[in-house]
Structures are given as C-alpha cells and as structure tokens.
Amino acid sequence: MSPRSANSTASTAPVENRPVRVDSNSVETIDLGRVEVIRVLDEKGRVVDAALEPGLPDDELLRLYRGMVRSRRFDQRMLAMQRQGEMGTFAPGLGQEATQIGQVYPMRPTDWYSPSYRSIGAQVWRGWTMEQLLLLWAGYFEGFAIPEVANELPFSIVIGSHVPVATGVAMGIKVRKDDAVVVTNFGDGASSQGVVAEAFNFAAVYKAPIVFIVESNGWAISTPLEKQAGNTVLAARGVGFGIPAVRVDGNDVLGMIAACTRAIDHARSGRGPYLVEAVTYRMSLHTTADDPKVYRKDEEVKTWEGKCPILRFESYLKSRDVLDDDAIARINEEIEAEVIAARDRFRELAVARPEEIFDFVYEQLPAELREQKAEYLERLKRKGVQ
Ligand SMILES: Cc1ncc(C[n+]2csc(CCOP(=O)(O)OP(=O)(O)O)c2C)c(N)n1
C-alpha cells in the first residue's frame, strides 16, 4: 500500500464548508461599463463635435477624400483581378477606409508603420505603389521590397504576430532617444492573442512610443466579437495595462484623425503607449477565400452600408462646398485611371518564374532538389507553361 492510499480516507472526506464572514456586497467591482464612442461627423456627415474637428484646409480634406476613394477602387480592382485568376488571396478593406486613412494621416514618414494584412489603403497612403502591392499579393518576390519613402514594416498573416515586433521597434526607438513613434493596427480577433497582451504589457512598462490601433470590425472570419471578448469594449483593455485609450467611430475619418493625433502626440512626447479602438465594420469578405453569407445576416451588412465612411465624408465636404457631384465623378475617374495604370504596370512586371519555389530555401540547393527542379522545369516545358 502506498503512503497516498494509506491516507485515502482523509483526502476523500468532504471539505467542510466554513462560514464566510466577509460581506461580499461591500467589495467594490471595477465597472467595465461602456466607454463613449467619440466622433466628429455623424452618419449623415453632420458635425456633432466641432471641438474635435481638425481644422484642415480644403486641399487637405480633398487629399483625405482621394485617399479613401483610392483605397476603395484599388480594392475593387484587386477583387476583380482575383476572381479572374490574376491575383492571389487577399483581405479587402471595404468599409474600413476611414479607419485606415485616419490612422496614417497624422504620422510622419520617419514614424514606423507596422500594419495588419487588411491595410492596403493605408499602405498606399504611406508610399507603397499599387503595382508593388499587386505583386506582393500575387506572390511575386519583388512585391516584398519595402519602399524607401517611409519607415514601413511588413505585415504578417500570423495574426497579432507583428504587434510585439512593433513594440520591440518602439523600445529600440526609446533606447536611441529618437523622436519617432510606431503605429500598429490589428483586428478584434488578433486582440485575443496572447502575444498582443504581452506587447501591451512591455510597451506600458517600458513607456515605449507606440500607438496600438485595434480595428474592431465585428468579425474574426466567422467568429463575431461577442463570442471572443468578455468585454466587447476593447478600449477598456488599456486600463488594465496602464495604457490610456480612446474609443472612436472608425467610419469617421475626422474622428480617427482627432483620436490618432492625440495618441501619436502622447507617444511622441515620451508618455508611453496609447490604445485606439476604432469601431468599424468589415463590409466585404474576410479574404477572397471566404463567403460571409454563410454566417452573417444581410440586414447587418445593410445597416453598415448606411454608415459608409466615404459617403459620410462626401456629405460633409458637400456641405462645406469643397465637393460637388461633378468633382466626385471627376476624382473617381482620375483614380480609376491610376488604378488601371497600376494594373497594367503589374502585368508587365508579373513574369511567372515557377523555379523560384526552389530558389530561396537553401543557399546551395542539395543534389536531390536540383534534380527535382530540373524535372519540374522539364515538365512545365512539355505542358507549354514555360
Ligand atoms: C495565429 C493565427 N491563428 C489563426 C489564423 C487564421 N486567421 C486568419 S485571419 C483570422 C481572423 C482575424 O480576425 P481579426 O484579428 O479580427 O482581423 P480582421 O481579419 O477582421 O481584420 C484568423 C483566425 C492566423 N492567420 N494566425
């Protein structure tokens, strides 16, 4: 008999339920309540908080408008190209144009941008050419060359994995006593990842100059926010980590600029990280490999179509006489021509080189792979592919 089983009577006896003397009602609970969503424009584009209006001149307002339209039209073109077999899988940003442009607008080129994979519009704003992004998403090696015009980091498909990297860059900036900040964005699903919590904590402890932007767009593929967050007010997470936070209407580009300017100024002045929760909606597909009709209701999408960030901003600009229907049509035509030109340049640059799948794994290809490569190329030749 082992010593453990000798004591078996004692270990299996029911535990006595001792009376508790604490009045549990007197223990205060932190109220996780709802945090107000700030916005400058309402859903009809009317100013509801003039104090937050960034006071931008007309040409800057038009630059913002063009940035959002470019994001949308590029997205639409990519989708058409994907459906025609010219483009790889990608994640459309339809409906999130204000979130995207509003977060990069207050940045300096010397700041570091560490985006999620759903940030194509913001990347174009930061200086990525459209043809390069087409090459990237179509899987061409050249697409991964980071542009030199701004400090860009590559996005990652492993969700949330770029967030601790961004914190690391911000910690490095602090050590070097540089005045740049890092802006990184990720989805509500990514905010459930352990590495994102670690990134928050390191940033808070080291007072790293970083702005975390959680794009709360309702769904992580088919998982609704309510099924993955106990408190769906993601800005509230800042409190627990000691990070100031704001919740903003992510479909209001002026609201985004107000929130992100505040957040970036805070980080740049040495006061540490800031968290911006942008409440928005992923109107289109999760990726081109997804069919949202399987898991979400059309009415939900319709409600959000009524909150379209571009139409809202258009109404605002019209009310200020900065834009009219003719100008809207002209800008759309100009941007469509830009997008088509980018597509054409992409077509010239996208020369298929199937042998590349062998070329970047080893510095010196082992004999067996050399044979496989030769056999593979021979087979492609026979089939007339090369
Ligand atoms: C670590 C990891 N787990 C799972 C996946 C598969 N995956 C790709 S995107 C995604 C949902 C992400 O949703 P969210 O972070 O809300 O961003 P959104 O795509 O909505 O912008 C998942 C689970 C992944 N890419 N990486």
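The structure under discussion appears in the preceding block.
This report concerns the structure included in the present document. (Residues numbered from 1 in each chain as written. Predicted model: local features only at pLDDT ≥ 70, side-chain atom pairs only at ≥ 80, totals over all residues. Heavy atoms only, no water.)

### So, the layout of surface pockets
Space inside the largest pocket adds up to approximately 400 Å³. Residue lining of the largest pocket: 26 residues in total, with Tyr 117, Arg 118, Ile 159, Gly 187 and His 286 positioned closest to the centre. Put simply, the parts of the chain that give the lining of the largest pocket at least two residues each are strand S3 (182-187) and strand S5 (219-220). Considered class by class, the residues forming the lining of the largest pocket number twelve nonpolar, eleven polar and three charged. Volume-wise, the second largest pocket comes out at about 250 Å³. What lines the second largest pocket is a set of 16 residues, among which Gly 218, Leu 225, Glu 226, Val 279 and Trp 304 lie closest to the centre. Secondary structure elements with two or more residues in the lining of the second largest pocket: strand S8 (274-279) and helix H11 (298-305). (1 Å grid on protein atoms, 1.4 Å probe; cavity = no way out; pocket = protein on both sides within 12 Å on 5 of 7 lines; lining within 4 Å. Points joined across faces, edges and corners; volume = space filled by probe spheres on them. Helix = DSSP H or I, 4+ residues; strand = E, 2+ residues; numbered from the N terminus. Nonpolar A, V, L, I, M, F, W, Y, C, P; charged D, E, K, R; others polar.)

### Looking at the site of the ligand
The local shell around the ligand holds 15 residues, among which Tyr 117, Arg 118, Ile 157, Gly 189 and Ala 190 are the closest. At a separation of 3.2 Å, an oxygen atom of the ligand approaches a polar backbone atom of Asp 188. Residue Trp 219 places a main-chain N or O atom 3.0 Å away from an oxygen atom belonging to the ligand. Across the shell around the ligand, the residue classes tally to eight nonpolar, five polar and two charged. (Near = heavy atom within 4 Å. Polar contact = N/O pair within 3.5 Å; in protein donor to acceptor, adjacent residues only side chain to side chain.)

### Quick word on the side chain of Thr 184
Among the secondary structure elements, Thr 184 is positioned in strand S3. A polar side-chain atom of Thr 184 sits 2.8 Å from the main-chain carbonyl oxygen of Ser 114.

### Focus on unusual backbone geometry
In the Ramachandran plot, Lys 207 falls in the positive-phi region, its phi being about 45° despite a non-glycine side chain. Within the secondary structure layout, Lys 207 lies in the loop between helix H8 (194-205) and strand S4 (210-216). By relative accessible area, Lys 207 is classed as partly exposed at 44%. (Buried < 20%, exposed > 50% of the residue type's maximum accessible area, 1.4 Å probe, protein only.)

### Details of the packing of helix H7 (residues 162-175) against H8
Packing of H7 against H8 leaves a shortest axis separation of 8 Å and a crossing angle of 15°. By the angle class used here, H7 and H8 are roughly parallel. You can see that H7 and H8 cross each other, and the crossing is left-handed. Where H7 abuts H8, its residues Val 163, Pro 164, Thr 167 and Met 171 lie against Val 195, Val 196, Ala 199, Phe 202 and Ala 203. Its residues assigned to classes, the contact of H7 with H8 comprises eight nonpolar, one polar and no charged. (Axes fitted to C-alpha atoms, helices over the stretch in contact; angles between N-to-C directions. Parallel < 35°, antiparallel > 145°, perpendicular 65-115°, else oblique. Left-handed = near helix turned anticlockwise from the far one by under 90°. Contact = heavy atoms within 4.5 Å.)

### Considering the packing of aromatic side chains
Geometry of an aromatic ring pair is reported as the spacing of the ring centres plus the angle between the planes. Counted by the stated rule, this structure contains 13 aromatic pairs. Pairing Phe 186 with Phe 200 gives two aromatic rings, centres 6.3 Å apart and planes at 50°, and the pair type is tilted. Of the two residues, Phe 186 sits in strand S3 while Phe 200 sits in helix H8, which places them 14 residues apart along the sequence. Accessibility classification places Phe 186 together with Phe 200 in one group, the buried group. Summarising the aromatic geometry, the rings of Phe 200 and Phe 212 are spaced 4.7 Å apart at their centres and angled 65° between planes, so their arrangement reads as edge-to-face. One end of the pair, Phe 200, is in helix H8; the other, Phe 212, is in strand S4, with twelve residues separating them in the sequence. Taken as a pair, Phe 200 and Phe 212 share a single burial class, namely buried. A cation over an aromatic ring shows up here: Lys 307 above the ring of Trp 304, its NZ or CZ 4.2 Å from the ring centre. (Phe/Tyr/Trp six-rings, centres within 6.5 Å; stacked < 30°, edge-to-face > 60°. Lys NZ or Arg CZ within 6 Å of the ring centre and 35° of its normal.)

### Comments concerning the sheet that holds S3
Pairing is parallel in the open sheet, where six strands are placed in the order S2-S1-S3-S4-S8-S7. For this open sheet the edge positions go to strand S2 (151-152) and strand S7 (245-249), each flanked by a neighbour on one side alone. Running at roughly 170° to S3, H7 makes contact with strand S1 (112-114), S3 and S4 of the sheet. (Pairing = 2+ DSSP bridges.)

### Some remarks on the pattern of salt bridges
Within the structure shown, the criterion is met by 26 salt bridges. When the shortest N-O distance is used, the salt bridge between Arg 320 and Glu 53 registers 3.7 Å. Of the two residues, Arg 320 sits in the loop between helix H12 (309-319) and helix H13 (325-349) while Glu 53 sits in the loop between helix H2 (8-12) and helix H3 (58-83), which places them 267 residues apart along the sequence. The salt bridge involving Arg 66 is made with Glu 334; its shortest N-O contact spans 2.6 Å. Of this pair, Arg 66 sits in helix H3 while Glu 334 sits in helix H13; the two residues are 268 residues apart in sequence, bridging distant segments of the chain. Of the residues examined, Arg 66 reaches a relative accessible area of 24% and is grouped as partly exposed. One connected set of salt bridges, linked through shared partners, spans Arg 39, Asp 249 and Arg 312. (Salt bridge = Lys/Arg side-chain N within 4 Å of Asp/Glu carboxyl O.)

### A word on the environment of Trp 304
For Trp 304, the location among the structural elements is in helix H11. With a relative accessible area of 16%, Trp 304 lands in the buried category. Not counting the four nearest positions on each side in its chain, Trp 304 is found in contact with Asn 251, Val 279, Thr 280, Tyr 281 and Met 283.

Structural measurements only, silent on function.
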